[in-house]
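Analysis of the macromolecular model
The residues making up each chain are set out below.
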Amino acid sequence: GQGIQTGFDRRYGVLRQLSTTPLGRFGLIAGKSAAVLAVLAVQTILISAVALLLGWRPEPGRLAAALAVLVLGAAVFTGLGMLVAGTLRAEATLAVVNLLWVLLAAAGGTLAPSSALPGVLGWAVAALPSAALGESLRLILLGAGQGPLVLHLAILLGWGLIGWPAAVRFFRWS
């Protein structure tokens, strides 16, 4: 969502006006991440409240770990969205981000674990940021082993360490 918004902000000259402020590329991307975290907080509270009403009883330690992973995931995906928005035209950003969203949701390990896929396909999907986030949350909230969790968190962190510096480096204001 932030990628699409930012792409159109570039098209309509909003970012050009922001470029005259001391905000800078990093500040803009960090601000957009903060907005994502605010929306994520509201969504998490609402979904958790409904789940609690339906009988969900999470362990407090697991819940705190899941929240930390959600924050990491939000930062990673915001950085990747800003990379696309800062380098492509608004229409191309809209197309690419929507296509990636559908592909990552449908086949990227979000709806079903990548371990359910056969062989090389499962490994390829497991390397995607969506799969790393989904697998991490499943492992934390369902109480599976810690070994795979470290791997999935490393994959997610790796995408963040690629996406954020690339977004800051290649982001164009106009």
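I will try to describe carefully the structure that is included in this document. (Residues numbered from 1 in each chain as written. Predicted model: local features only at pLDDT ≥ 70, side-chain atom pairs only at ≥ 80, totals over all residues. Heavy atoms only, no water.)

1. Observations concerning helix α7 (residues 129-142)
In this model α7 runs 20 Å from its N-terminal to its C-terminal C-alpha over 14 residues, within 8% of the 20 Å that 1.5 Å per residue would give. Along α7, eleven of the 14 residues are buried, which leaves the element largely enclosed by surrounding structure. Looking only at α7, the buried set comprises Pro129, Ser130, Ala131, Ala132, Leu133, Gly134, Glu135, Ser136, Leu137, Leu139 and Ile140. (Helix = DSSP H or I, 4+ residues; strand = E, 2+ residues; numbered from the N terminus. Expected span 1.5 Å × (residues − 1). Buried < 20%, exposed > 50% of the residue type's maximum accessible area, 1.4 Å probe, protein only.)

2. Digging into the packing of helix α1 (residues 2-11) against helix α5 (residues 90-107)
Contact pair α1 / α5: the axes reach a minimum separation of 8 Å and the direction vectors enclose 175°. Here α1 is positioned roughly antiparallel relative to α5, judged by the angle of their axes. Of the residues in α5, those in contact with Gly3, Ile4, Gly7, Phe8 and Arg11 of α1 are Ala90, Glu91, Thr93, Leu94, Val97 and Asn98. (Axes fitted to C-alpha atoms, helices over the stretch in contact; angles between N-to-C directions. Parallel < 35°, antiparallel > 145°, perpendicular 65-115°, else oblique. Contact = heavy atoms within 4.5 Å.)

3. A word on the side chain of threonine 44
Considering the arrangement of structural elements, one finds threonine 44 in helix α3 (residues 24-53). Not counting residues within four places of it along the chain, the set of residues in contact with threonine 44 comprises Leu67 and Leu70.

4. Some points on the nonpolar core
In terms of nonpolar packing, the biggest core is built from twelve residues, these being Ala66, Val69, Val76, Leu80, Ala132, Leu133, Leu137, Leu139, Ile140, Leu149, Ile155 and Leu156. Elements with a minimum of two residues in this core: α4 (60-87), α7 and α8 (146-170). Among the elements that take part in this core, α7 stands out by supplying five residues, more than any other. Setting aside residues up to four positions removed in sequence, leucine 156 forms contacts with Val69, Leu72, Gly73, Val76, Pro129, Ala132 and Leu133. In this structure, Leu28, Ile29, Ala167 and Trp173 belong to the second largest nonpolar core, which totals eight residues. (Core = buried A, V, L, I, M, F, W, Y, C linked by side-chain atoms within 4.5 Å.)

5. Notes on the layout of surface pockets
Approximately 1,500 Å³ is the volume found for the largest pocket. As for the largest pocket, its lining consists of 44 residues, and the residues nearest its centre are Leu40, Gly73, Phe77, Trp101 and Leu133. Broken down by class, the residue content of the lining of the largest pocket amounts to 30 nonpolar, 13 polar and one charged. Computed from the structure, the second largest pocket encloses a volume of approximately 220 Å³. Surrounding the second largest pocket, 14 residues form its lining, Ser114, Ser115, Trp123, Ala126 and His152 being those nearest its centre. Looking at the lining of the second largest pocket, the elements with two or more residues in it are α6 (119-126), α7 and α8. The class makeup of the residues in the lining of the second largest pocket is eight nonpolar, five polar and one charged. (1 Å grid on protein atoms, 1.4 Å probe; cavity = no way out; pocket = protein on both sides within 12 Å on 5 of 7 lines; lining within 4 Å. Points joined across faces, edges and corners; volume = space filled by probe spheres on them. Nonpolar A, V, L, I, M, F, W, Y, C, P; charged D, E, K, R; others polar.)

6. Re the environment of arginine 25
Assignment of secondary structure puts arginine 25 in helix α3. Its relative accessible area of 33% is what places arginine 25 among the partly exposed residues.

7. So, the environment of alanine 154
For alanine 154, the location among the structural elements is in helix α8. Distance from alanine 154 to alanine 132, taken between C-alpha atoms, is 8.4 Å for residues 22 residues apart in sequence.

8. Notes on α1
Among the residues of α1, those classed as buried are Gly3, Ile4, Thr6, Gly7, Asp9 and Arg10. Looking at the buried positions of α1, the neighbouring elements they touch are α2 (14-18), α3, α4 and α5. One or two steps after α1, the chain reaches glycine 13, where phi turns positive at roughly 85°.

9. A few points about the environment of valine 69
Counting through the fold element by element, valine 69 comes out in helix α4. Residues valine 69 and glycine 7, spaced 62 residues apart in sequence, show a C-alpha to C-alpha distance of 27 Å. Sequence-distant contacts of valine 69, defined by excluding residues within four places in its chain, comprise Leu133, Ser136, Leu137, Ile140, Leu153 and Leu156.

10. Comments concerning a nonpolar patch on the surface
Nonpolar side chains collect at one region of the surface, where Leu63, Leu67, Leu141 and Leu142 lie side by side and expose about 360 Å² of accessible area between them. Of all the elements in the fold, those that place two or more residues in the nonpolar patch are α4 and α7. Tracing the chain through its elements places leucine 141 in helix α7. By relative accessible area, which is 36% here, leucine 141 ends up partly exposed. (Patch = residues over 30% accessible without salt bridge, like charges linked within 9 Å, V, L, I, M, F, W, Y side chains within 5 Å. Areas by Shrake-Rupley, 256 points an atom, 1.4 Å probe, with all protein chains shown as cover. Salt bridge = Lys/Arg side-chain N within 4 Å of Asp/Glu carboxyl O.)

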